[in-house]
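The primary structure of each chain is shown beneath.
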Amino acid sequence: MPKTGKNDHARKNELPSTLQRSEQKAQDTFAKTYDSAMETYDNDPSRAARTAFAALKHSYEKVGDHWEPKEERGPSDDRAEGGINSSKPTAGGVDAHASKEHLYRRAKEMDIKGRSKMDKDELVEALQKANDAATRKARES
């Protein structure tokens, strides 16, 4: 089923829950990319979803239970940078290529304990865990 409606905007009820709680532009980016990928990849919904999330992660980062615009466009982690054949792990929407200062500010916003003693990789991991927990909590509500 197409993710984009007649008004050329995302059909909110067709989107993943984290996108339903995000701004319209993030929703539209995902939906339009998903629909295009479905045509390109012979109606393979799994591949279309991966493609749509990859496009979304170039402009947005996951913050808690939703997506927010990134300070700088570009791949969010080493996996996104390497493409479909990359064996590197994903950062789950965390902008792992952002500065340590940016990651620290996000960790502060999310009240992650021990953040001042964490290196960049530890901040990415802590943010990913906090995002996952926030998404689970939002889905339960």
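Each remark here, short or long, concerns the structure printed above.
Residues numbered from 1 in each chain as written. Predicted model: local features only at pLDDT ≥ 70, side-chain atom pairs only at ≥ 80, totals over all residues. Heavy atoms only, no water.

Peer 1: Help me understand the overall build of the protein in this model?
Peer 2: Secondary structure summary: the protein contains six helices and two strands in total. Along the protein, helices (α) and strands (β) appear in the sequence α-α-α-β-β-α-α-α when read from the amino end. Computed over its C-alpha atoms, the radius of gyration of the protein comes to 15 Å, within 12% of the 14 Å expected for a compact globule of 141 residues. Its C-alpha atoms give the protein principal-axis dimensions of about 50 × 35 × 25 Å. When the 141 residues of the protein are sorted by exposure, 40% land in the buried category. Taking the intrachain contacts of the protein between residues at least 6 apart in sequence as the baseline, contacts between residues at least 24 apart amount to 38%. Of the accessible surface of the protein, which amounts to about 8,400 Å², a share of 47% is contributed by carbon and sulfur atoms. Counting 27 positive and 26 negative side-chain charges, the protein places the averaged centre of each group 3 Å from the other. (Helix = DSSP H or I, 4+ residues; strand = E, 2+ residues; numbered from the N terminus. Rg over C-alpha atoms; globule rule 2.2 N^0.38 Å. Buried < 20%, exposed > 50% of the residue type's maximum accessible area, 1.4 Å probe, protein only. Contact = heavy atoms within 4.5 Å. Areas by Shrake-Rupley, 256 points an atom, 1.4 Å probe, with all protein chains shown as cover. Lys, Arg positive; Asp, Glu negative; His and termini not counted. Charge placed at Lys NZ, Arg CZ, Asp CG, Glu CD.)

Peer 1: I would appreciate a short explanation of the side chain of R106 in the present structure.
Peer 2: Residue position: R106 is located in helix α5 (residues 100-109). For R106, a relative accessible area of 10% puts it in the buried group. A polar side-chain atom of R106 sits 3.0 Å from a polar atom in the side chain of E109. If we skip the residues at most four places from it in the chain, R106 touches E61, V63, E68, P69 and L127. (Polar contact = N/O pair within 3.5 Å; in protein donor to acceptor, adjacent residues only side chain to side chain.)

Peer 1: Please clarify how helix α2 (residues 24-40) should be interpreted in this entry.
Peer 2: A turn of α-helix holds 3.6 residues, and therefore any two residues three or four places apart point the same way. The terminal C-alpha atoms of α2, which comprises 17 residues, lie 24 Å apart, in line with the 24 Å expected from a rise of 1.5 Å per residue. A26, Q27, D28, F30, A31, T33, Y34, D35, A37 and M38 are the residues of α2 that are buried. Taken together, the buried residues of α2 touch α1 (17-20), α3 (45-59) and β1 (60-63). At the exit of α2 stands D42, carrying a positive phi of roughly 50°. (Expected span 1.5 Å × (residues − 1).)

Peer 1: Whenever I open this one, the pairing of β1 confuses me. Can you help?
Peer 2: Across a regular strand the side chains alternate sides, sitting on one face of the sheet and then on the other. Along β1, one buried face is formed by Y60 and K62 and the opposite face, lined by E61 and V63, is buried too. In the sheet, β1 pairs with strand β2 (residues 66-69) via four bridges, with the strands oriented antiparallel. Across the sheet, K62 pairs through a bridge with W67, a residue of β2. Where β1 folds back on β2, the antiparallel hairpin that results is connected by two residues, among which G64 adopts a positive phi of roughly 65°. (Pairing = 2+ DSSP bridges.)

Peer 1: Sorry, what's going on with α5 here?
Peer 2: Along α5, the positions that sit buried rather than exposed are H102, L103, R106 and A107. Buried residues along α5 cover an arc of 140° about the axis, so they all sit on one side. Residues E101 and K108 are exposed on α5 and point more than 90 degrees away from its buried face. On its buried side, α5 packs onto β1, β2 and α6 (120-140). (Arc of directions from axis to C-beta.)

Peer 1: It is not clear to me how the nonpolar core should be interpreted in this structure. Could you clarify?
Peer 2: A general trend in soluble globular proteins is that nonpolar side chains are found buried together. One finds L15, L19, F30, Y34 and L56 to be the most contacted residues of the largest nonpolar core, which totals 14 residues. Elements with a contribution of two residues or more to this core: α2 and α3. Grouped together as the second largest cluster of nonpolar side chains are 13 residues, A91, A96, L123 and V124 included. (Core = buried A, V, L, I, M, F, W, Y, C linked by side-chain atoms within 4.5 Å.)

Peer 1: What should I look at first to understand the packing of aromatic side chains in this one?
Peer 2: Each aromatic ring pair is specified by the distance between its two centres and by the angle formed by the two planes. All chains considered together, the criterion is met by three aromatic pairs. With a centroid separation of 6.2 Å and 35° between ring planes, the pair formed by F53 and W67 is classed as tilted. Of this pair, F53 sits in helix α3 while W67 sits in strand β2; the two residues are 14 residues apart in sequence, bridging distant segments of the chain. Of the aromatic side chains, those joined through ring pairs into one cluster are F30, Y34, F53 and W67. Sitting over the ring of Y34, K3 keeps its end group 4.7 Å from the ring centre. (Phe/Tyr/Trp six-rings, centres within 6.5 Å; stacked < 30°, edge-to-face > 60°. Lys NZ or Arg CZ within 6 Å of the ring centre and 35° of its normal.)

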